[in-house]
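The lines below spell out each chain.
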Amino acid sequence: MKLYTKGGDKGYTSLIGGERVSKTDPRVEAYGTVDELTAHIALLADRLTARSAELSECYLTDLKRINSALMTVEALLAIGKGGKDKVTPLPEEMVTWIEGRIDYLQSQLKPITCFTIPGGCEMTSLCHICRTVCRRAERRAIVVAEQYEVDCNSMMLLNRLSDYFYALGRVLCDKLGESEFVWQV
């Protein structure tokens, strides 16, 4: 099987179910942004592994599970006419799991008394990149949800994930002995 199909040469692609749409269709924008997020998460995981075997052991399972769930979110956002029954919805347990992980991360941190900003260490910065791309993916998914039916658990997961990456960045900064950057006016 060839990697290229030439089917998109004129700016159109197929959604799950066979519907052909412009590559600027909001569903393509949304699942493409989630795909971008998964690539950033993979980079975070790779850099974390290179930096600290101990920390990567703690968080790699999370990052792999998140990326697997995001592949499902991508597929759910890519559903076109005739594709509704071809993708299994994201289980509600994924949302409750990520909420539990956020609570766990927060339990390891001192409460913040001011805004923190990206920076402090590479791991924190990578977490902030994941957080901001996740927020963009959520905004793109909201545009889709305004026009098409979108899996509600996918929407909730995208909403929670930006909080997860914020908390993970703070935890990694702390565990690596780095200082957080705080916003000073």
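Further up the page is the structure itself.
Residues numbered from 1 in each chain as written. Predicted model: local features only at pLDDT ≥ 70, side-chain atom pairs only at ≥ 80, totals over all residues. Heavy atoms only, no water.

## Things to note about the layout of surface pockets
Put simply, the largest pocket is a space of about 370 Å³. Lining the largest pocket are 17 residues, and of these Leu76, Ile79, Lys84, Glu149 and Val150 lie nearest its centre. Here the residues of the lining of the largest pocket sort into eight nonpolar, three polar and six charged. Quantified by volume, the second largest pocket comes out at close to 270 Å³. In terms of lining, the second largest pocket is formed by 17 residues, of which the most central are Ile112, Asp163, Tyr166, Ala167 and Arg170. Secondary structure elements with two or more residues in the lining of the second largest pocket: helix H3 (92-107), strand E3 (116-117), helix H4 (122-145) and helix H5 (152-175). When residues in the lining of the second largest pocket are grouped by element, the largest group, four residues, is from H5. (1 Å grid on protein atoms, 1.4 Å probe; cavity = no way out; pocket = protein on both sides within 12 Å on 5 of 7 lines; lining within 4 Å. Points joined across faces, edges and corners; volume = space filled by probe spheres on them. Nonpolar A, V, L, I, M, F, W, Y, C, P; charged D, E, K, R; others polar. Helix = DSSP H or I, 4+ residues; strand = E, 2+ residues; numbered from the N terminus.)

## What to know about the environment of threonine 88
One can find threonine 88 in the loop between helix H2 (53-77) and H3. A residue is classified by how much of its surface remains accessible, and threonine 88, at 61% relative accessible area, is exposed. Sequence-distant contacts of threonine 88, defined by excluding residues within four places in its chain, comprise Thr72 and Leu76. (Buried < 20%, exposed > 50% of the residue type's maximum accessible area, 1.4 Å probe, protein only. Contact = heavy atoms within 4.5 Å.)

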